Amino acid sequence: GAGVSQSPRYKVAKRGQDVALRCDPISGHVSLFWYQQALGQGPEFLTYFQNEAQLDKSGLPSDRFFAERPEGSVSTLKIQRTQQEDSAVYLCASSLRVAGVYEQYFGPGTRLTVT
Amino acid sequence: SQQGEEDPQALSIQEGENATMNCSYKTSINNLQWYRQNSGRGLVHLILIRSNEREKHSGRLRVTLDTSKKSSSLLITASRAADTASYFCATEFGNDMRFGAGTRLTVKP
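Counting restarts for each chain: residues are numbered from 1 in the order of the written sequence. Chains carry letters from A onward and ligands carry numbers from 1 onward, assigned in written order. Two thresholds apply to this predicted model, a pLDDT of at least 70 for residue-level local features and 80 or more for giving and counting side-chain atom pairs, whereas whole-chain, interface and lining totals are computed over all residues. Just so you know, side-chain values use all the structure's heavy atoms and leave hydrogens and water out.

Trainee: Explain the overall build of chain A here, please?
Mentor: In DSSP terms, a helix is any run of H or I states spanning at least four residues, a strand is any run of E spanning at least two, and both are numbered starting from the N terminus. Along chain A, the regular secondary structure elements total zero helices and 11 strands. Counting from the amino terminus, chain A carries its helices and strands in the arrangement β-β-β-β-β-β-β-β-β-β-β. Along the first, second and third principal axes, the C-alpha atoms of chain A reach 45 × 25 × 25 Å. For chain A, with 115 residues in total, the buried portion stands at 46%. Throughout, a residue-residue contact means that at least one pair of heavy atoms, one from each residue, lies within 4.5 Å. Taking contacts inside chain A between residues at least 6 apart in sequence as the whole, the part at least 24 apart equals 52%. All accessibility values rest on the Shrake-Rupley procedure with a 1.4 Å probe; residue burial counts only the protein chains present in the view. Summed over its atoms, the accessible surface of chain A is roughly 5600 Å², and 48% of this surface lies on carbon and sulfur atoms. Just so you know, the count uses Lys and Arg for positive and Asp and Glu for negative, and it drops His and the chain ends. Charged side chains are reduced to one point each, which is NZ for Lys, CZ for Arg, CG for Asp and CD for Glu. Looking at charge distribution, chain A has the averaged site of its 12 positive side-chain charges lying 6 Å from that of its 11 negative ones. When accessible area is computed with a 1.4 Å probe and restricted to protein chains, residues below 20% of their type maximum are described as buried, those above 50% as exposed, and intermediate ones as partly exposed.

What follows is the structure, given as structure tokens:
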């Protein structure tokens, strides 16, 4: 079946522009996660949804970052007034929680470059 | 902030050799997972070990967990060029997963 998809795969934004990154999770996956991955680093947690509820947004680096999942399926990560330090790969993962464990399925990521 | 630290940061071996990567973490865990990331791709789940397990096998992968030392190791036996990738350990932290910085493995043919 289809995996997690993300769009766009690449995005170049001028400093100060707003961007919106989309994630289509695996159908039926209740949990959805967003991560930021800087070059040469591991993914850093940004936020977590269970269905449409955003249960944890402690990883969002500033109030310029906003995520939503209004119908409990597709999610959008929005970054307002982008800065150069926002340049990174943004990964989305969806998951079933089975026997108390999250096994996450990752999308290919969106590479954001802020110039 | 990242929960785990992988060691070494980079590892280069010949095809057919074994590769061992280590992960240390900071807080108590329920389970630890290893993921692989090929260049330019998302992460792929490899194997999970629960906190009450000490060793687990999956194909050419062997994972150990020592909760007293807060460390885990991933062994890939009989490596192949296709194993070239970055490998990350991850632990659950509340509702989210915390990843280390990864080990970059290069397997030369």
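Trainee: What's the story with the overall build of chain B in this structure? I'm lost.
Mentor: For chain B, the helix and strand inventory stands at zero helices and 11 strands. Along chain B, helices and strands appear, N-terminal first, in the series β-β-β-β-β-β-β-β-β-β-β. The dimensions of chain B, computed from C-alpha atoms along their principal axes, are 40 × 30 × 20 Å. Looking at the 109 residues of chain B, the share that counts as buried comes to 47%.

Trainee: Would you mind showing me how to read the side chain of His29(A) here?
Mentor: Inspection of the secondary structure assignment puts His29(A) in the loop between strand 3 (19–24) and strand 4 (31–37). Side-chain polar atoms of His29(A) contact the backbone nitrogen of Ser95(A), separated by 3.2 Å. Pairing of N or O atoms within 3.5 Å defines a polar contact, subject to two protein rules: one partner must be a possible hydrogen donor and the other a possible acceptor, and residues neighboring in sequence count only if both atoms are side-chain atoms.

Trainee: Where do I start with the state of the cysteines in this structure?
Mentor: By definition, a disulfide is the covalent link that joins the sulfur atoms of two cysteine residues. Any two cysteine sulfur atoms lying within 2.5 Å of each other are counted as a disulfide. Under the criterion given, the structure shown has two disulfides over all chains. Disulfide pairing is shown between Cys23(A) and Cys92(A); the S-S distance is 1.8 Å. Between Cys23(A) and Cys92(A) the disulfide shows an S-S torsion of about -65°. By sign, it is left-handed. Linking Cys23(A) in strand 3 with Cys92(A) in strand 9 (residues 88–98), this pair joins segments that are 69 residues apart in sequence. Of the residues examined, Cys23(A) reaches a relative accessible area of 0% and is grouped as buried. Exposure remark for Cys92(A): the relative accessible area of 0% places this residue in the buried category. For Cys23(B), the disulfide goes to Cys89(B), at an S-S distance of 2.0 Å.

Trainee: How should I be thinking about the packing of aromatic side chains in this particular structure?
Mentor: We describe a pair of aromatic rings using the distance from one ring centre to the other and the angle between the two ring planes. All names here are of chain A. Pairing of aromatic side chains here covers Phe, Tyr and the six-membered ring of Trp, requires ring centres within 6.5 Å, and sorts the geometry by plane angle: under 30 degrees stacked, over 60 edge-to-face, intermediate tilted. The final tally for this structure, using the stated rule, is nine aromatic pairs over all chains. Between Tyr35 and Phe45 the ring centres are 6.3 Å apart and the planes differ by 75°, which places this aromatic pair in the edge-to-face class. A residue pair is termed long-range when its members are at least 10 positions apart, and Tyr35 in strand 4 and Phe45 in strand 5 (residues 44–50) qualify at 10 residues. Judged by relative accessible area, which is 0%, Tyr35 ranks as buried. A relative accessible area of 6% means that Phe45 is categorised as buried.

Trainee: Help me understand the nonpolar core, please; the structure alone is not making it clear to me.
Mentor: Grouped burial of nonpolar side chains is what soluble globular proteins tend to show. Nonpolar cores are built from buried Ala, Val, Leu, Ile, Met, Phe, Trp, Tyr and Cys residues. Side-chain atoms within 4.5 Å join them into one set. Residues Leu32(B), Trp34(B), Leu74(B), Ile76(B), Tyr87(B) and Leu105(B) are the most contacted members of the largest nonpolar core, which totals 21 residues. Counting only elements with at least two residues in this core, the list comes to strand 3 (19–24), strand 4 (31–37), strand 5 (43–50), strand 7 (61–66), strand 8 (71–76), strand 9 (85–93) and strand 11 (103–108) of chain B. Discounting residues that sit within four places of it in the chain, Tyr87(B) has contacts with Glu6(B), Met21(B), Tyr35(B), Arg36(B), Leu46(B), Leu74(B), Ile76(B), Gly102(B), Thr103(B) and Leu105(B). Ile26(A), Leu46(A), Ala88(A) and Leu112(A) belong to the second largest nonpolar core, which has 20 residues in total.

Trainee: Whenever I open this one, the pattern of salt bridges confuses me. Can you help?
Mentor: For side chains bearing opposite charge, pairing can occur when the charged atoms are close. Residue and element names in this part refer to chain A. Salt bridges, as used here, are contacts in which a Lys or Arg side-chain nitrogen is within 4 Å of a carboxyl oxygen on Asp or Glu. In this structure the tally under the stated criterion is five salt bridges over all chains. A salt bridge links Glu68 to Lys78; the nearest nitrogen and oxygen atoms lie 3.3 Å apart. On the criterion of sequence distance, the pair formed by Glu68 in strand 7 (residues 65–68) and Lys78 in strand 8 (residues 75–79) is long-range, its members being 10 residues apart.

Trainee: Just checking my understanding: could you explain the interface of chain A and chain B for this structure?
Mentor: Buried accessible area, meaning the area lost when the parts come together, often serves as the stated size of an interface. Contact with chain A, which involves 24 residues of that partner, is made by 22 residues of chain B. Here the quantity called buried area is the total loss of accessible area, with a 1.4 Å probe, experienced by two parts when brought into contact, counted for both. Of the roughly 1800 Å² buried where chain A meets chain B, counting both sides, 48% is carbon and sulfur surface. Linking chain A with chain B are zero salt bridges, by the criterion used here. Broken down by element, the residue count for the side of chain A that touches chain B peaks at five residues, all from strand 10 (residues 101–106) of chain A. Residue composition of the side of chain A that touches chain B, by class: 12 nonpolar, seven polar and five charged. Only Asp, Glu, Lys and Arg are considered charged, only Ala, Val, Leu, Ile, Met, Phe, Trp, Tyr, Cys and Pro nonpolar, and every remaining residue, Gly among them, polar.

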